[in-house]
Amino acid sequence: SQLCPLPPVYLDRDQSRKILMADSQPLLSLDGDPVAAEALLQDVFGIVVDEVIRKGTSASEKVCEWKEPEELKQLLDLELRHEGESQEQILEHCRAVIRYSVKTCHPRFFNQLFSGLDPHALAGRIVTESLNTSQYTYEIAPVFVLMEEEVLKKLRALVGWSSGDGVFCPGGSISNMYAVNLARYQRYPDCKQRGLRALPPLALFTSKECHYSIKKGAAFLGLGTDSVRVVKADERGKMIPEDLERQISLAKAEGAVPFLVSATSGTTVLGAFDPLEAIADVCQHHGLWLHVDAAWGGSVLLSQTHRHLLAGIQRADSVAWNPHKLLSTGLQCSALLLRDTSNLLKRCHGSQASYLFQQDKFYDVALDTGDKVVQCGRRVDCLKLWLMWKAQGEQGLQRRVDQAFALARYLVEELKKREGFELVMEPEFVNVCFWFVPPSLRGKKGSPDYSERLSKVAPILKERMVRKGSMMIGYQPHGTRSNFFRMVVANPALTRADMDFLLNELERLGQDL
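Parameters and conventions
Residues numbered from 1 in each chain as written. Predicted model: local features only at pLDDT ≥ 70, side-chain atom pairs only at ≥ 80, totals over all residues. Heavy atoms only, no water. Helix = DSSP H or I, 4+ residues; strand = E, 2+ residues; numbered from the N terminus. Buried < 20%, exposed > 50% of the residue type's maximum accessible area, 1.4 Å probe, protein only. Contact = heavy atoms within 4.5 Å. Areas by Shrake-Rupley, 256 points an atom, 1.4 Å probe, with all protein chains shown as cover. Core = buried A, V, L, I, M, F, W, Y, C linked by side-chain atoms within 4.5 Å. Pairing = 2+ DSSP bridges. Axes fitted to C-alpha atoms, helices over the stretch in contact; angles between N-to-C directions. UniProt positions renumbered as here; feature names shortened; annotations may be inferred. Salt bridge = Lys/Arg side-chain N within 4 Å of Asp/Glu carboxyl O. Parallel < 35°, antiparallel > 145°, perpendicular 65-115°, else oblique. Left-handed = near helix turned anticlockwise from the far one by under 90°. Nonpolar A, V, L, I, M, F, W, Y, C, P; charged D, E, K, R; others polar.

Examining the overall build of the protein
A tally of helices and strands in the protein yields 16 helices and twelve strands. Taken across its 513 residues, the protein has 49% of its residues classed as buried. In the protein, the proportion of contacts linking residues at least 24 apart, taken out of those at least 6 apart, comes to 71%. Accessible area of the protein: about 25,200 Å², with a carbon and sulfur share of 54%.

Following this line, the structure appears as structure tokens:
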């Protein structure tokens, strides 16, 4: 059949000029101008080295420069406009972003379970971002497919497994959710196709000190938060195995089917380690999947001195471990490790997308690991840990962990010498929990409003230190306990002088209370 000719298109002079400009001049985005792009990146890297790495890790600089939200919006010029901006304006935006961000690599940042800056890990992160690939097929990520498996193999060996499986997840919460999903699928594989109608009422068990992601995961996976049975913890925050046994019996009596126990190695607030051997005995007796959330405490496995805290972890079915916490690998670096060798991850999560996972490729398609995960695109999280490990060696990482324990012990002993400081409990990890009792409350522990007044101290001191920019440390209530500080000793650059500063600064900030 004859093709119909398209009507002619007439361009006015302005339109013609724009087309010619597009062909002949680089846009403000630097597309097609490698020299200008390289110059921009050199400038940005210079700013990062000076403002983040040099100043951001200096004790003489502020941890943060606090601004109220409305003022900060104006300072940052957040509006996105129709026209592009000059490169000098772009560099100023970079400086402003850094200036008003919290410096988590600062030696006085004690606020979270992650802190510090490892230069080799940062180098790995820069290379990762520059290569901008997705960790789903050997075809486009050959180096990282092989590297991830080697790193996971090393982590599994530290757990005590000579074989198994695993994957890097976008955070410990997702690792925990994966474990719940895998345990459910292993027991009821029909649920992948038939959904919740294939399931009886299920019950999973965790302590009251567990991470909140366990309940979030139960809700997200359709089990509902009522399926989470909360097991009692002792005064130190450890799960009580006898109560676990009781809760399992109770769930069965109510018609629910127990399928998983999630133990914790390194609880968020108190830093408690659940008794894994006793919990594993209960799981073995009842045929339950044992997951260990060691997102915080997993790195203790590197220490010959302290790894006894995780005794029995080799009996787990799955382990969550976040090297971005105690090892300072940088966000995010979260491994889910499995003892399973039956390809459970792929059977549970795989969907065999034919445009990614073709089975007639010219290489071994077992190297295409993307079908193990719920994501499609997946960030490369192994290089920063691999490069840091190459530089430090296992010996260097062990020293890093042992040093954190030693500094936490130093802080505890110094704290005991000072009036106005009171430990919540003797720590077994690097979470040092304590109250600062200001002058007006000392010697008044028996007064009826003591607890209420003490609870107001930590929030006031937190506001003062943040506005001053001198340090950041977290606080929280816990059960019947009034607000107390949770000091986290994790940054590998910390020294005894930083511990002394913490105590001195709290005394300065609270002397008028």
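Concerning the nonpolar core
Counting residues in each nonpolar core, the largest one holds 106 residues, and the members touching the most others are Phe434, Met487 and Leu506. In contact with leucine 506, other than residues within four places in its own chain, are Phe421, Phe434, Phe436, Leu461, Met465, Met471 and Phe485. Grouped together as the second largest cluster of nonpolar side chains are 26 residues, Tyr185, Leu199, Ile214 and Leu338 included.

A word on the sheet that holds strand β1 (residues 109-110)
If you trace the five strands from one edge of the open sheet to the other, you get β1-β11-β12-β10-β9, paired in mixed fashion. Since the sheet does not close on itself, it has two edges, and those belong to β1 and β9 (421-423), each with one partner. Both β9 and strand β10 (residues 431-436) contribute to a ladder of three bridges, which runs antiparallel. When the bridges of β10 are listed, glutamate 422 appears paired with tryptophan 435. Contacts from helix α16 (residues 496-510) reach β1, β9, β10, β11 (472-478) and β12 (481-488) within the one sheet, and its direction differs from that of β10 by about 25°.

Some points on the UniProt feature "modified residue: N6-(pyridoxal phosphate)lysine" (unreviewed entry) in the protein
As recorded in UniProt, the sites labelled "modified residue: N6-(pyridoxal phosphate)lysine" (unreviewed entry) are Lys325. Within the fold, lysine 325 resides in the loop between β7 (318-321) and β8 (334-338). Looking at lysine 325, the relative accessible area reads 15%, which means it is buried. Aside from chain neighbours lying at most four places away, what touches lysine 325 is Leu113, Phe114, Ala295 and Trp296.

Remarks on the pattern of salt bridges
Within this structure, the stated rule accounts for 40 salt bridges. With its nearest N and O atoms 2.6 Å apart, the salt bridge here joins arginine 379 to glutamate 129. Taken together, the residues span a long stretch of sequence, with arginine 379 in the loop between α12 (344-349) and α13 (383-417) and glutamate 129 in helix α5 (residues 119-131) at a distance of 250 residues. If you follow the salt bridges from partner to partner, you end up with Asp77, Glu79, Arg81 and Glu85 in one network.

Here we look at the packing of helix α2 (residues 34-54) against helix α4 (residues 87-99)
Between α2 and α4, whose axes approach to 10 Å, the crossing angle comes to 25°. By the angle between their directions, the pair α2 and α4 is classed as roughly parallel. The handedness of the crossing between α2 and α4 is right-handed. Contact residues: α2 offers Leu40, Asp43, Val44, Ile47, Glu51 and Val52, while α4 offers Gln87, Ile90, Leu91, Cys94, Arg95 and Ile98. By residue class, the composition of the contact of α2 with α4 is eight nonpolar, one polar and three charged.

As for the sheet that holds strand β4 (residues 228-231)
The seven strands are arranged β2-β8-β7-β6-β5-β3-β4 in an open sheet whose pairing can be described as mixed. The open sheet has two free edges, formed respectively by β2 (165-169) and β4, since each of these has just one partner strand. Strand-to-strand, the axes of this sheet are offset by a mean angle of 20°, without reference to chain direction. Two strands pair when backbone bridges link them, and strand β5 (residues 257-264) and strand β6 (residues 289-294) are joined in this way by five bridges, in the parallel orientation. Paired with valine 261 across the strands is leucine 290, a residue of β6. Of the strands in this sheet, β2, β7 and β8 are in contact with helix α6 (residues 142-159), which crosses β2 at around 110°.

Observations concerning the packing of helix α10 (residues 241-253) against helix α11 (residues 276-286)
The relative placement of two packed helices is expressed as an angle between their axes plus a distance between the axes. It is the contact of α10 with α11, at a shortest axis distance of 9 Å, that shows an interaxial angle of 25°. Taken together, the axes of α10 and α11 are roughly parallel relative to one another. At the point where α10 passes α11, the crossing takes the right-handed sense. Along its contact with α10, which presents Pro241, Leu244, Glu245, Ile248 and Lys252, the element α11 presents Ala278, Ile279, Val282, His285 and His286.

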